[in-house]
Amino acid sequence: MMQRILAGFSALPGADQAYIVSRRSGLVAAVGKRGRAPNVEHATQLVQAMDKLEKTHSVGRGLEFWSEGEGMYLLTRLSEDASLVISGKKGGRIARWRHAVECDVDLLNSVLR
C-alpha cells in the first residue's frame, strides 16, 4: 500500500522520486526512476536542521520544508520519526505536490503504524 501511495507522488508533474525516511530506521520505502538512489543523508540533515532551528530560535516545530533551485525538493513530517520526501526537476509544481501530500497524509500515517 505504501509503495502505491509513493508511486502516486512520484507520478506528479515534475516529480522524480518519493521516499520516506525514519530517524531510527533510515530509508523506509522509496519509489523513483531506476538507477537513482534517494538522497537519505540530505533529508536527514534537513530534519536535523529543522529540529535545531526549533530549539535555538523558538520558532515552533518545523513541519514542512521546500526548496526551488536547480531541482525541487519537498520534505513533510509525517510523525516524530518519519518524513516524506518528494524530489524532482526544476519546473515541478510544488503546490500540487503539497496538495497531494495533504490528501494522503492520514493514509500514510496509518500504514506507517
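Anything mentioned here points back to the structure above.
Notes on the structure follow. (Residues numbered from 1 in each chain as written. Predicted model: local features only at pLDDT ≥ 70, side-chain atom pairs only at ≥ 80, totals over all residues. Heavy atoms only, no water.)

**Let's talk about the packing of aromatic side chains**
Across all of its chains, the model carries zero aromatic pairs by this definition. Taking the ring centre of W66 as reference, the NZ or CZ of R98 above it sits at 5.1 Å. (Phe/Tyr/Trp six-rings, centres within 6.5 Å; stacked < 30°, edge-to-face > 60°. Lys NZ or Arg CZ within 6 Å of the ring centre and 35° of its normal.)

**Brief notes about the nonpolar core**
L6, F9, I20, L84, I86, W97 and L108 are the most contacted members of the largest nonpolar core, which totals 21 residues. Elements with a contribution of two residues or more to this core: α1 (2-10), β1 (15-22), β2 (26-32), β4 (71-77), β5 (82-89) and α3 (94-112). Here the element with the most residues in this core is α3; it accounts for five residues. In this structure, W97 is in contact with L12, P13, G14, A15, M72, Y73, L74, I86, S87, G88 and G92, ignoring residues within four places of it in sequence. Among the nonpolar cores identified, the runner-up in size contains ten residues, and V21, M50, L75 and V85 belong to it. (Core = buried A, V, L, I, M, F, W, Y, C linked by side-chain atoms within 4.5 Å. Buried < 20%, exposed > 50% of the residue type's maximum accessible area, 1.4 Å probe, protein only. Helix = DSSP H or I, 4+ residues; strand = E, 2+ residues; numbered from the N terminus. Contact = heavy atoms within 4.5 Å.)

**Side note on the pairing of β5**
Here β5 lies mainly inside the structure; seven of its eight residues are buried. Where β4 lies against β5, seven bridges are found, and the strand directions are antiparallel. Paired with L74 across the bridge in β5 is I86. A loop of four residues connects β4 with β5, the two strands running antiparallel in sequence. (Pairing = 2+ DSSP bridges.)

**Thoughts on the side chain of S22**
With respect to the secondary-structure elements, S22 resides in strand β1. Among the residues examined, S22 registers a relative accessible area of 9% and is labelled buried. For S22, the side chain forms a polar contact with the main-chain nitrogen of S25, separated by 3.2 Å. Excluding anything up to four places from it in sequence, S22 contacts V28, D81 and A82. (Polar contact = N/O pair within 3.5 Å; in protein donor to acceptor, adjacent residues only side chain to side chain.)

**A few points about the pattern of salt bridges**
According to the stated counting rule, one finds eight salt bridges in the structure shown. Among the salt bridges present, the one from R24 reaches D81, with a minimum N-O distance of 3.4 Å. Pair noted here: R24 is in the loop between β1 and β2 and D81 is in the loop between β4 and β5, with a separation of 57 residues, a long-range link. The exposure class of R24 is exposed, given its relative accessible area of 72%. As a salt-bridge pair, E64 and R98 come within 2.6 Å of each other at their nearest N and O atoms. Taken as a pair, E64 in strand β3 (residues 64-68) and R98 in helix α3 lie far apart in primary sequence, 34 residues in all. We classify E64 as partly exposed; its relative accessible area is 27%. (Salt bridge = Lys/Arg side-chain N within 4 Å of Asp/Glu carboxyl O.)

Such coordinate-based values are descriptive only and should not be taken to indicate function.
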